[in-house]
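# Descriptive analysis of the structure
Chain residues, written in single-letter form:
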Amino acid sequence: MSAYLLNLIIFLPLAVGLLLLALPSKLGLHRQIALGTAVLTLLGSLAIWQASNPEASGLQLVTRMAWIPFLGIDYHIGIDGISLFLVVLTSLFTLLAMLYSWSLDQQPGRFFALLLILESGLLGTVLAANLFLFYVFWELMLLPMFFLIGIWGGAQRIKAVLKFVIYTMAGSLVFLLSILYLGTQYQAQTGQWSFEIAVLTQLQLPPTPMVDLLFLGFALAFLIKVPVFPLHTWLPDTYCEAPPVVTFMLSGVMAKMGVYGLLRITLPLFPDSLARLGPVLSLLTIAGIIYGAILALGQVEIKRLLAYSSISHLGLIALGVFTWNLSSIEGVVYHMVSHAVATGGLFLMAGVLENHYGTTRIDQLGGIAARAPLYAVLFMLLTFASIGVPGLNGFVGEFLILLGVSSASAGLTLLAALTLILSAAYMLWLTQRFLFGPEAQPEHAPLRLPVLQLAAIAPLCLLAIIMGLYTLPFTQHISPAVQNLIQNNQGPVQVMLPEGYFNPTPSPVEKPVHG
Amino acid sequence: MFTTIADLHQTTPISSQSSLLLSLIVLLPILGALILGSMALWSQPREQGLSEKMLGALGTLTPALSALLALYLFAQQLGQPGLQWTANLGTWIKVSLFELSFGFMMDPLSGLMTVMITCIGTLIHLFSISYMHGDRGFARYFACLNLFLGAMLLLILSDNIVGLFVGWEGVGVCSFLLIGFWFSDAQKAGAGTKAFVANRVGDFGFLLGILFLFLETSHFDFAGLQAGLAETPESRLAVIAFLLLIGALGKSAQIPLHVWLPDAMAGPTPVSALIHAATMVTAGVYMIARLHFIYSQTPSISLLIVLIGALTALMAASIALVQNDIKKVLAYSTVSQLGYMFMAVGAGAYVAGIFHVFTHAFFKAALFLGAGAIIHALHHEQDLMKMGGLRKKLPITHLSMLISCLAIAGIPPFAGFFSKDEILWSLWNEGLYLFWGMGLLTAGLTAFYMFRLYFLAFGSSYRGQAEISAEPLLMKLPLLVLGAGAVLSGFLGLPAVLGLPNWMEHWLSQVFGAHHVAGNMGLALMLMGVSVLVASAGILVALKKYARLQSAPAAATGPLANMLHQKYGFDLLYDAVLVRPLRRMGTLGWQIVERLMIDGAITFGLWAYKVAALMLRQLQTGSIRAYGHYLLLGLTALAYLYFTLHLPGVFRP
């Protein structure tokens, strides 16, 4: 029974979304139906969480059917501890996005329908176990995003969405070519066609420059989506021009798809290329961490500041991915969810501000805490979560990633840990300027959080606390899956710079040390 | 100069005993914070809710309960040497490489600190009820203060270094919230940010230290760390010790990270007493003492600690000479006293360091609360030049502050004398004569500026305009208790070299190992005499200069005074070298790199595309004759290509 759950949560939103697009908007029940679907999907995801066995290795709840048999393309989906939380995250975020935008003025029915289609694309991407299927869903999630930004975005939305689409399509195109090339290589070696990820990882490729090129081809789409410096320039414009709730989905869920692709596909396929290119990529992520943080310091607009902070945080996540050891990957999986909660929440808070004051420019705001204490408390909570104060969720992932990185290279750890200082500087300086100080608009009505928007933000705040203190329900699924991933794809544990300060750690899979 | 592993060997057998009460000590204030915090959120927009009395009582209740529990557990420890309380609240992080839990441990060191923190914390909560009377954020204040206490106790009682770090950052957050408590004032909000960011610089080092400790030992708990580091070579230990030290420098406001503490005086005065004098800022000293097994193995880093401590002590004391804000004087005095504590732990005299943390907590809390009482009585006047003659009007405050001034100046038999002399004696004993001299000089300066403060506030006659209101009972009580502590706490550590019983030494030897006190009794007496003389000289100079003052004296001028007024230029330097360049880089990076280079490249690409289109458009004129020419041109080219490729030699002459 539960095997069908995965299919259900992928296709139910898609079907309902398409139906809603077809239904005439006069009917007027669009939002309610969409919300009901999102609730069902979330319940389905929670049921999957309940049903999945943390001890099992490999994919669970698998459905596999032949799709295009003569090319070895199967409809093959399954879930493990790594994808599990992205599934829950996606369905939760879709629901929260709907709550937040419940009172949208402009064509709410279509907006909600597109959100549902987006959800399908995201869930399918996470659950696909076949490269071709993955690609189909990967493209599916781009489509609704194009309209969501292009129709409901801000004044500069067309320019922003073009930039977004050109970047993404460039990556996708290279990705598709790389998939096909890899498929032909497999066919040439074995005489059969297959696009199964698990099968392709077993393929032995000759160590030629072509392999590294192929690796980059597989990485480009993901590196753009994450984004890794210097491929990030689509992000600030897109995040600022998209409606807040779409930015919430972009930063919370969509960016994680890039990380997930690297984790699931690119690195397992090309462990040797990672060994060769890992140092360069790691340095790029470090550059992103610092560059994003410094640019965040220079921003005069809250959404743009959050966009650059997102680049900085995702740099750390990407660094964890390229470090490729137990601790760092566990941290990456945890931090993907943590970062989504904190940054997503902050983008929604910025949206509330924009609704109320009509601007998110810092110099036009000030002293909001005096008359909107609840807003200030929630904003501070998410701020502290985002800068990694222990006891809140951001710390756990950051700590694990840095622990993993530190066993590979002390130098990189030192640079990456600068985020501790810089993130505190730009975030607290931000709150100092717009939450505190004398009131900038005393004649304006005090900021009130509308009930439904509060209902969208409060669960995130709660999650930020719970995931900071009670990590067991998450890590008990993540740890075995990551162990499995690392063992099956024994990439180089030590990439990195010439001489680490310390000799690395106890070898990856040891019995847990209590302490 | 430094003790060896053999000295550290525990003499008393340790018996661990689990008790839920221990976790309650930490949880109670946090619970209080949650309740008060929700009340604050609920009531603030409505301008109603529970009365101040109820809120104040509720706010004081949880610290008081924690204090009772702490006293109870500590009393058990006293009766049964070697007893160590433990508690475990369950798993926090469990991943492939390690499992971390919320574990607590109360050994003689953390027991002493817990008792001190909870008791002083309770008194300061009590004091705050009067001090914060009528403030709009009354409930919020007590929520933050309770939360602070919870985080501080977590820091002290945690049995692993990550838990300590949780408390460490937690107190940083509470400190941020309380420094910027009156956040509508942009400057005060800015002081909070400054404090947090400066502390984050320290935490950056601290976190790296923790990571590298784990790489060395695969442990986070203190017992495992101690065992795991036995084989580690000194060079690696030194790197770890240095990184951890950065954390301590941030939290305990030592050079070069001291700049935040004077600004932190923006918070309400009881906050300064609790967080920025008695408890949080001593966390760095506690951390070094807790990790004594690392620092006793790294003489180079320990010497660095002594050096930083001595420089900080002297620098802060000299700045305090010219401050006119009563809280600023006390703030620099705190920085200076923390320097003493660093000198002590750097010299391997962990007991002396913790002893000074202990006595300092009493007299500095009394001084700050006294300052708070004065500020309260004078309706938020903090300028010493507008005080004077307060002795008659505020008798209890006067008494408590006089005792505390004598204590901090190092006059026997007040508490500061014993702890400060223990530190100076340790420095002398280790052969660190230069640093002993710096400590002695600082002692003289301390005596002078503290009695400058005393005479300016209490001596002569009143110079201000504001009406003086009386001191309420809730202020008198904590002042009296802390004043008593400023007298009595010193007797816990009478100098052993004179053959007197030193309870502190005895008690903490369970943690730090027996410290063999060698030395000449006569020499010790002579050094004591010297330091008392220096302190008395400082007091006498202050008496002569300020006791009979009728009008406010002109501010000192000259290059030295200017330098002191500029606080040696640290703030200016950081602003010019770090803060402003970083912000400018942010703006420029955005404008130049993102806007000009990347967006510019794209714009250029679009432009080039348009230009090319424009040029190509010229080809499509619509004139048949032109098309005919193109056709002819193309055919010729094709023919040429064909013949060159397939019939080579046709065009060759």
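Quantities reported herein were computed from a predicted structural model and do not represent experimental measurements.

Criteria and cut-off values
Residues numbered from 1 in each chain as written. Chains lettered and ligands numbered in written order. Predicted model: local features only at pLDDT ≥ 70, side-chain atom pairs only at ≥ 80, totals over all residues. Helix = DSSP H or I, 4+ residues; strand = E, 2+ residues; numbered from the N terminus. Rg over C-alpha atoms; globule rule 2.2 N^0.38 Å. Buried ≥ 20, exposed ≤ 12 C-beta atoms within 10 Å, placed from the backbone. Contact = placed C-beta atoms within 7 Å. Core = buried A, V, L, I, M, F, W, Y, C linked by C-beta atoms within 7 Å. Expected span 1.5 Å × (residues − 1). Domains from an automatic or database assignment. Nonpolar A, V, L, I, M, F, W, Y, C, P; charged D, E, K, R; others polar. Pairing = 2+ DSSP bridges. Axes fitted to C-alpha atoms, helices over the stretch in contact; angles between N-to-C directions. Parallel < 35°, antiparallel > 145°, perpendicular 65-115°, else oblique. Left-handed = near helix turned anticlockwise from the far one by under 90°. pLDDT = per-residue confidence, 0-100.

Now for the overall build of chain A. A tally of helices and strands in chain A yields 20 helices and three strands. Against the compact-globule benchmark of 24 Å for 515 residues, chain A has a radius of gyration of 22 Å, which places it among compact chains. In terms of overall dimensions, chain A has a C-alpha envelope of 75 × 60 × 45 Å along the principal axes. Taking all 515 residues of chain A together, the buried fraction comes to 60%.

When helices and strands are tallied, chain B shows 25 helices and three strands. The principal-axis extent of the C-alpha atoms belonging to chain B is close to 120 × 65 × 55 Å. Counting all 653 residues of chain B, 56% fall into the buried class. Counting only contacts in chain B whose residues sit at least 6 apart along the sequence, the fraction spanning at least 24 positions is 80%.

Residues and elements named next belong to chain B. With 423 residues, the main nonpolar core has F148, M343 and A365 as its most contacted residues. When residues in this core are grouped by element, the largest group, 19 residues, is from helix 16 (residues 350–377). Dropping the residues within four chain positions of it, M343 is found in contact with V306, G309, A310, A313, I423, L427, F435 and G439.

Along the polypeptide, I387(A) turns up in the loop between helix 15 (373–386) and helix 16 (393–408). Sequence separation of I387(A) and H313(A) is 74 residues, and the distance between their C-alpha atoms is 9.2 Å.

Residues and elements named next belong to chain B. When the terminal C-alpha atoms of helix 18 (residues 415–429) are compared, their 21 Å separation across 15 residues agrees well with the 21 Å that a helix rising 1.5 Å per residue should span. Buried residues dominate helix 18, accounting for 15 of its 15 residues. Two residues or fewer past helix 18, G431 is found with a positive phi of approximately 85 degrees.

Residues and elements named next belong to chain A. Looking at the assigned domains, one finds that chain A contains domain 1 (1–269) and domain 2 (282–515). Centre-to-centre separation of domain 1 and domain 2, based on C-alpha positions: 22 Å. With 41 residues of domain 1 at the contact, the number on the domain 2 side is 45 residues. At the level of elements, helix 3 (81–100), helix 9 (234–241) and helix 10 (244–269) are the ones that each hand at least two residues to the side of domain 1 that touches domain 2. If one sorts the elements of the side of domain 1 that touches domain 2 by residue count, helix 10 sits on top with 14 residues. For the side of domain 1 that touches domain 2, a count of residues per class yields 29 nonpolar, nine polar and three charged.

This part is about the pairing of strand 3 (residues 98–106) of chain B. All names here are of chain B. A large share of strand 3 lies buried, amounting to eight of its nine residues. Both strand 2 (residues 83–94) and strand 3 contribute to a ladder of seven bridges, which runs antiparallel. Counted as the bridge partner of T86 is M105 from strand 3.

Our next topic: the domain arrangement of chain B. What the domain assignment lists for chain B is domain 1 (21–76 + 105–157), domain 2 (159–297), domain 3 (327–344 + 359–550) and domain 4 (573–646). Averaged C-alpha coordinates put domain 2 of chain B and domain 4 of chain B at centres separated by 54 Å.

Let us now look at the packing of helix 6 (residues 157–190) of chain A against helix 9 of chain A. The packing of two helices is summarised by the inter-axis angle and the distance between the axes. Residue and element names in this part refer to chain A. Their axes nearest at 9 Å, the elements helix 6 and helix 9 cross at an angle of 135 degrees. With respect to each other, helix 6 and helix 9 are oriented oblique. Both helix 6 and helix 9 take part in a crossing whose hand is left-handed. In this structure, helix 6 contributes R157, A160, K163, F164 and Y167 to the contact, and helix 9 contributes W234, D237, T238 and E241. Class assignment of the residues belonging to the contact of helix 6 with helix 9 gives a composition of four nonpolar, one polar and four charged.

Residues and elements named next belong to chain B. Look at helix 14 (residues 299–320) against helix 19 (residues 433–458): their axes get within 9 Å of each other, and the N-to-C directions meet at 25 degrees. When the interaxial angle is binned, helix 14 and helix 19 end up roughly parallel. Crossing hand, helix 14 versus helix 19: left-handed. For the pair formed by helix 14 and helix 19, the contact residues are V306, A310, A313, L314, A317, S318 and A320 on the first element and F435, M438, G439, L441, T442, L445, T446 and Y449 on the second. Residue composition of the contact of helix 14 with helix 19, by class: 11 nonpolar, four polar and no charged.

On to the confidence of the model for chain B. Residue and element names in this part refer to chain B. The predicted model of chain B has a mean per-residue pLDDT of 89, with 96% of residues at 70 or higher. Confidence drops under a pLDDT of 50 for residues 1–10, and excluding neighbours within four residues, the segment shows 19 contacts in the predicted structure. Quick note on the complex model: pTM equals 0.90, ipTM equals 0.90.

Okay, the pairing of strand 1 (residues 60–68) of chain A next. Regular strands have side chains that alternate between both faces of the sheet. Residue and element names in this part refer to chain A. Pairing analysis gives six bridges linking strand 1 to strand 2 (residues 73–79), with the strands arranged antiparallel. Paired with A66 across the strands is D74, a residue of strand 2. Adjacent in sequence and paired antiparallel, strand 1 and strand 2 are bridged by four residues, among which G72 carries a positive phi angle near 70 degrees.

Attention shifts here to unusual backbone geometry. Residue P227(A) is bonded to the preceding V226(A) through a cis peptide linkage, with omega at -10 degrees. Note on placement: P227(A) falls in the loop between helix 8 (209–225) and helix 9. With phi around 60 degrees, S218(B) is a residue other than glycine that occupies positive phi space. Position of S218(B) relative to the elements: it lies in the loop between helix 7 (186–217) and helix 8 (222–228). Positioned with a positive phi, K567(B) is a non-glycine residue whose angle comes to about 55 degrees. Mapped onto the secondary structure, K567(B) falls in the loop between helix 23 (559–565) and helix 24 (570–617). A tally of 20 C-beta atoms within 10 Å means that K567(B) is categorised as buried.

Turning our eyes to something else, we now look at the confidence of the model for chain A. The predicted coordinates ought not to be read in detail in places where the model reports low pLDDT. Chain-level pLDDT for chain A is 88 on average; 95% of the residues reach the 70-or-more range. Across residues 491–513 of chain A, where pLDDT falls below 50, the model places 55 contacts with residues more than four positions away in sequence or in other chains.

Within helix 11 (residues 269–278) of chain B, 10 of the 10 residues are buried, which leaves it mostly tucked inside the rest of the structure. Those residues of helix 11 of chain B that are buried lie in contact with helix 4 (108–131), helix 5 (138–157), helix 6 (161–179), helix 10 (260–263), helix 15 (326–346) and helix 16 of chain B.

This next bit is on the environment of L434(B). In this fold, L434(B) is placed in helix 19. Considered as a pair, L434(B) and L307(B) are 127 residues apart in the sequence and their alpha carbons are 9.9 Å apart.

This next bit is on the environment of F142(B). As for its position among the elements, F142(B) is in helix 5. Separated by 420 residues in the primary sequence, F142(B) and N562(B) have C-alpha atoms spaced 40 Å apart.

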